[in-house]
Amino acid sequence: MKELFRLIPQVSSILEDEGFKKEYGHFDQRITSGLVREALDSVRDKIAGGEALDEPQVKKLVESTLKKKLSPLTKRSLKRVINATGIVLHTNLGRAPMFPNPYLAPLLEGYCNLEYDLAEGKRGKRGVHVKSVIKMLLGAESAVVVNNNAAAILLLLRTHAEGKEVIVSRGELIELGGSFRLPEVMTASGAILHEVGTTNRTHLKDYAGAISEKTGLILKVHPSNYAIRGFASSPTTAELSALAKEKNVPFVYDVGSGLLRKIDHPNFREEPDCLSALGDGADAILFSGDKILGGTQAGFIVGSEKIAGACGKIPLMRSLRLAKAHMCMLEEALRTWLLPDREVMKLNPVMRMISMMPEELEARANTLSGEINEVNPAIGSFVKKVEGYMGGGSLPDINFDSYAVAIKPKETPQLLLQKLRNFETPIVARIEDDLVIFDMRTVLEGEGEKIARALAQ
Ligand SMILES: *Cc1c(COP(=O)(O)O)cnc(C)c1O
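The rules behind these values
- Residues numbered from 1 in each chain as written.
- Predicted model: local features only at pLDDT ≥ 70, side-chain atom pairs only at ≥ 80, totals over all residues.
- Heavy atoms only, no water.
- Helix = DSSP H or I, 4+ residues; strand = E, 2+ residues; numbered from the N terminus.
- Contact = heavy atoms within 4.5 Å.
- Areas by Shrake-Rupley, 256 points an atom, 1.4 Å probe, with all protein chains shown as cover.
- Buried < 20%, exposed > 50% of the residue type's maximum accessible area, 1.4 Å probe, protein only.
- Pairing = 2+ DSSP bridges.
- Near = heavy atom within 4 Å.
- Polar contact = N/O pair within 3.5 Å; in protein donor to acceptor, adjacent residues only side chain to side chain.
- Nonpolar A, V, L, I, M, F, W, Y, C, P; charged D, E, K, R; others polar.
- Salt bridge = Lys/Arg side-chain N within 4 Å of Asp/Glu carboxyl O.
- Phe/Tyr/Trp six-rings, centres within 6.5 Å; stacked < 30°, edge-to-face > 60°.
- Axes fitted to C-alpha atoms, helices over the stretch in contact; angles between N-to-C directions.
- Core = buried A, V, L, I, M, F, W, Y, C linked by side-chain atoms within 4.5 Å.
- Domains from an automatic or database assignment.

What follows is about the overall build of the protein. Within the protein, the secondary structure is distributed over 20 helices and 15 strands. For the protein, the spread of C-alpha atoms along the principal axes amounts to about 85 × 50 × 50 Å. For the protein, restricting intrachain contacts to residue pairs at least 6 apart in sequence, the fraction spanning at least 24 positions comes to 73%. Of the roughly 23100 Å² that the protein leaves accessible, carbon and sulfur atoms contribute 51%.

Here it is as structure tokens:
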């Protein structure tokens, strides 16, 4: 073992190596020497741990451990990925993809009027750039934009219900994953949850019976990642609004995905939309920026000045505010919604993917399958009808008919998935019936070619 330890080089000799200097010499030496030391220590630990190694193996281990430790210096961690899962709003894959935005780089590389009123030459308001567009789209009096919808909920509760009761139906006490549970957010905000009704049925009289002088607000939450079917009912938005007005308590509706208006297309039929929710009398609505809206991570509180506007005026707002890059991209996404529905479904990537009809997907799958079999006929890919999902807490109950390119791998499907993830543009696919599936709904322009190339290798 002693001899093996002697094979481990000194940190200094590695740092002075010409090859090393060429690749890593321009980095801060405190960082490189730290990484080299960690790499060598881990080799030492392996030897000390009794791993049976011979001389060439130790040399190889030193080399590979160094390479692995140092690679984050030269390789970016966050990178473009091809989403072939068919899940349009894949939270782990960054939710909504954006379209090219020629305004972002100039804005970030220089200064911008983020909080500066150019007409008056003095301090302006941070949210105005997004607010003016959203107010046009939804005809609302006021809008507040924050970091995400979870932040919007927190800000709303802190503003209107700290130390007060919030009435929520038991059928709507959602968990959204990543440990975001509505009852816990209530606690964190200082609001007191007042549950009404049952899991499957909540009546207007349940809400009416719960209202007292302790009530801060009535909150309706769109159960965006599940659906209760069968013997189920809950009051409509209009009924709740009327009750809330009569009793003089605020009524807020968390619609979730940010479908801004009703869109005449079968794939949006069951999704609540922002404009209708406001039209039905909600004092404010909440929604995400990076779900169906098709923008970046953000949360909106839109509605009356008294309920929505007030949220932007409490100190917590400062901790939840949106970054300028997001503001820019969000404005761009919102602007697509100023166009007619047909154009929104063409230009907005998320809207385009959701609204793609099976015929188009089948044609795209045929093209890709042909390309794959052309570069390597042995792969034997074929087109398969599959079910696609919306994901990201939207349209929980609707599975879209979709088409995929399927491959029966010679190795295990898991192994092929792993290899695909290691491709220079990693490809995330899924397994169905022991086949590896590339669902065409989420494969973007130009990405099919990359899939074909990866498979050829
Ligand atoms: C997704 C969702 C949220 C959380 O939104 P984030 O933007 O992810 O924080 C809250 N409420 C509903 C109903 C949702 O669908």
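Now that the structure has been shown, the text picks up again.
Looking now at the pairing of strand β12 (residues 399-407). The buried fraction of β12 is high, at seven of nine residues. Direction of pairing for strand β11 (residues 382-389) relative to β12: antiparallel, over a ladder of eight bridges. Following the sheet pairing, K384 is matched in β12 by A404. Relative to strand β15 (residues 435-439), β12 runs antiparallel, the two being bridged by four bridges.

Here we take up the site of the ligand. The local shell around the ligand holds 14 residues, among which A150, S224, D254, S288 and K291 are the closest. R95 places a side-chain nitrogen or oxygen 2.9 Å from an oxygen atom of the ligand. For the ligand, an oxygen atom lies 2.7 Å from a polar atom in the side chain of S288. In isolation the ligand has 380 Å² of accessible area, and contact with the protein removes 93% of it. When residues of the shell around the ligand are traced back to their parent elements, those giving at least two are α8 (149-161) and β8 (251-256). Here the shell around the ligand takes three residues from α8, the largest share from any one element. When the residues that make up the shell around the ligand are grouped by side-chain class, the tally is four nonpolar, seven polar and three charged.

With that settled, consider the pattern of salt bridges. Following the criterion strictly, the structure yields 27 salt bridges and no others. Among the ionic pairs, R335 bridges to E331, the shortest N-O distance being 3.1 Å. With R335 and E331 both in helix α15 (residues 324-336), this residue pair falls four residues apart, about one helical turn. We classify R335 as partly exposed; its relative accessible area is 38%. A residue is classified by how much of its surface remains accessible, and E331, at 22% relative accessible area, is partly exposed.

Across all of its chains, the model carries two aromatic pairs by this definition. Look at F287 and F300: their rings are 4.8 Å apart centre to centre, the planes differ by 15 degrees, and that puts the pair in the stacked class. Of the two residues, F287 sits in strand β9 (residues 284-288) while F300 sits in strand β10 (residues 299-303), which places them 13 residues apart along the sequence. Across the pair, exposure class does not vary: F287 and F300 are buried alike.

Let us look at the pairing of strand β7 (residues 215-221). Counting buried positions over the seven residues of β7 gives seven, a clear majority of the element. Pairing between strand β5 (residues 165-169) and β7: three bridges, direction parallel. Within β7, the residue paired with E165 across the bridge is T215. Pairing of β7 with β8, which is carried by four bridges, proceeds in the parallel orientation. The residue of β8 that forms the bridge with V221 is D254.

So, about the environment of S304. Topologically, S304 is positioned in the loop between β10 and α13 (305-311). Distance from S304 to I285, taken between C-alpha atoms, is 9.6 Å for residues 19 residues apart in sequence. Those residues within four positions of S304 in sequence are excluded, and the remaining contacts are E141, S142, D283 and G309.

Attention now moves to the sheet that holds β7. With respect to topology, seven strands assemble into an open sheet ordered β4-β10-β9-β8-β7-β5-β6, the strand pairing being mixed. Of all strands in the sheet, those bounded by a partner on one side alone are β4 (142-146) and β6 (192-196). Each strand of the sheet is rotated relative to its neighbour by a mean of 25 degrees, with strand direction disregarded.

A few words now on the environment of P272. You can see P272 is positioned in the loop between β8 and α12 (274-279). Taking the C-alpha atoms as reference, P272 lies 8.4 Å from S257; in sequence the two are 15 residues apart. Here P272 is in contact with H222, Y253, V255 and L259, once residues within four sequence places are set aside.

Right, let's get into the nonpolar core. Counting 55 residues, the largest nonpolar core has L138, L260, I285, F287, F300 and V302 as its most contacted members. In terms of residue count, helix α7 (residues 128-138) provides more of this core than any other element does, five residues in total. Residue assignment places this core across two domains, with domain 2 (82-92 + 353-456) and domain 3 (100-347) each supplying three or more. Not counting residues up to four positions away in its chain, the partners in contact with L138 are L260, C274, L275, L278, I285, F287 and V302. Of all hydrophobic cores here, the second largest spans 31 residues; its members include A151, I174, L316 and M317.

Further remarks concern unusual backbone geometry. Its identity is not glycine, yet N248 carries a phi of approximately 60 degrees, on the positive side. Along the chain, the position of N248 falls in the loop between α11 (237-247) and β8. Phi at D433 is positive, roughly 50 degrees, even though this residue is not glycine. Structurally, D433 can be placed in the loop between β14 (430-432) and β15.

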